[in-house]
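As a plain string of letters, each chain reads:
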Amino acid sequence: MLSQVRYAAIASVFALGGVAACTRPTPRAHTVTIKNFAFDPAELTIARGDTVVWSNTDIVPHSSTARNAAWDSNAIGANATWRDVPGKAPGRYEYYCVFHPTMKGTIVVR
Amino acid sequence: MSPTRLTDRRVLGALVALATAVAVAGCKKTENPPADTATPAVAPAPDTTKPAAAAAPAINDAQIAHIAVTANSVDSAAGMLAEKKGASKAVKDFGKTMVTDHSGVNKQAVALATKLNVTPEDNDTSKQLKSGGDANVAKLQGLTGKAFDKAYIDNEVAYHQAVLDALDKTLIPNAQNADLKALLEKVRPAVVAHLDMAKKLQSSQTT
């Protein structure tokens, strides 16, 4: 009887661990393509902890610079990439290219 | 004169007109915003009553490559001056971006020419672009402060509008090599972005 209780307790611990693992999804990697002097997608929604890769397919350098200084890639060269984990706290993050301020994007962290 | 040669002459004439307009845009008095005045001079309304026969190759790829490289070099030279002499941070930053972007484009153009084993061929349009650019830099050298910023940005608006028109009406349509055409098509968004940025700076100067 005692061993049955122990077994049930251990099984419960594993079950709880499983539930906890299910409620905390594995961080995902997203890509924002910089093409023709625009961020694509212009707005991206991510979860906390997700990674975003900015991939510059243009022939000149660009940057991904958050207006609130949450991140700044500095120059991302032609055909280069830069990655960051911008979702440290939920919110709406506006960013732009410091070299071409007409280029604007948004990251929404859930 | 054969019809082809006649077409060649017409398109070359249009290119020379473009280069002249760019040169004039850099030299004219700055009290008139060049965005409105330069466009008609550079891009006369197309005659839609005639078929698009002028799409036949008018200039060769080596000449197009030379025009592209010259246009980039001209704007880099002005950008270097703005980086140094610009009064406002916005103008200095814009000048720096022009140097970076146009130098980057030129690097790719030279790399492509090397890959294709094409030697860029000097031509009247390139000469006009170069002399117009030199005249603009000489004019800017004599200016300081807000007068410099205004003259520089006014010219940048007119220049990028003229280059955009040349890309759309002459350079891209006439490029024969697929790689050269693709490079010119990749350059186009840069010119559009530069034009937008210059126009924004221009309007912020006048308000």
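Basis of the calculations
- Residues numbered from 1 in each chain as written.
- Chains lettered and ligands numbered in written order.
- Predicted model: local features only at pLDDT ≥ 70, side-chain atom pairs only at ≥ 80, totals over all residues.
- Heavy atoms only, no water.
- Contact = heavy atoms within 4.5 Å.
- Buried area = accessible area lost by both parts, 1.4 Å probe.
- Salt bridge = Lys/Arg side-chain N within 4 Å of Asp/Glu carboxyl O.
- Polar contact = N/O pair within 3.5 Å; in protein donor to acceptor, adjacent residues only side chain to side chain.
- Helix = DSSP H or I, 4+ residues; strand = E, 2+ residues; numbered from the N terminus.
- Nonpolar A, V, L, I, M, F, W, Y, C, P; charged D, E, K, R; others polar.
- pLDDT = per-residue confidence, 0-100.
- Expected span 1.5 Å × (residues − 1).

**Here we look at the interface of chain B and chain A**
Piece 1. At the junction of the two partners, chain B supplies 16 residues and chain A supplies twelve residues.
Piece 2. Roughly 1,100 Å² is buried in total at the junction of chain B and chain A, and carbon and sulfur atoms are behind 68% of that figure.
Piece 3. Our enumeration of links across chain B and chain A arrives at zero salt bridges.
Piece 4. Viewed at the interface, chain A and chain B are joined by three residue pairs in polar contact (both at pLDDT 80 or more).
Piece 5. Of all elements in the fold, only helix H4 (89–116) and helix H7 (178–206) of chain B reach the threshold of two or more residues within the side of chain B that touches chain A.
Piece 6. Sorting elements by how many residues they give to the side of chain B that touches chain A places H7 of chain B first, with ten residues.
Piece 7. Its residues placed into classes, the side of chain B that touches chain A shows seven nonpolar, five polar and four charged.

**Re the confidence of the model for chain A**
Piece 1. On average, residues of chain A score 85 in pLDDT, and 78% of them are at 70 or above.
Piece 2. Here residues 13–21 of chain A is modelled with pLDDT under 50, and outside its nearest four sequence neighbours on either side it reaches zero contacts, counting other chains as well.

**Brief notes about the environment of Val191 of chain B**
Piece 1. With respect to the element layout, Val191 of chain B can be found in helix H7.
Piece 2. Spatially, the C-alpha atoms of Val191 of chain B and Ala135 of chain B are 21 Å apart, while their sequence positions differ by 56 residues.

**Here we look at helix H3 (residues 61–85) of chain B**
Piece 1. End to end, H3 of chain B covers 36 Å across 25 residues, agreeing with the expected 36 Å (1.5 Å per residue, within 8%).
Piece 2. N-capping of H3 of chain B is provided by Asn60 of chain B, with a side-chain oxygen placed 3.1 Å from the backbone N of Ala62 of chain B.

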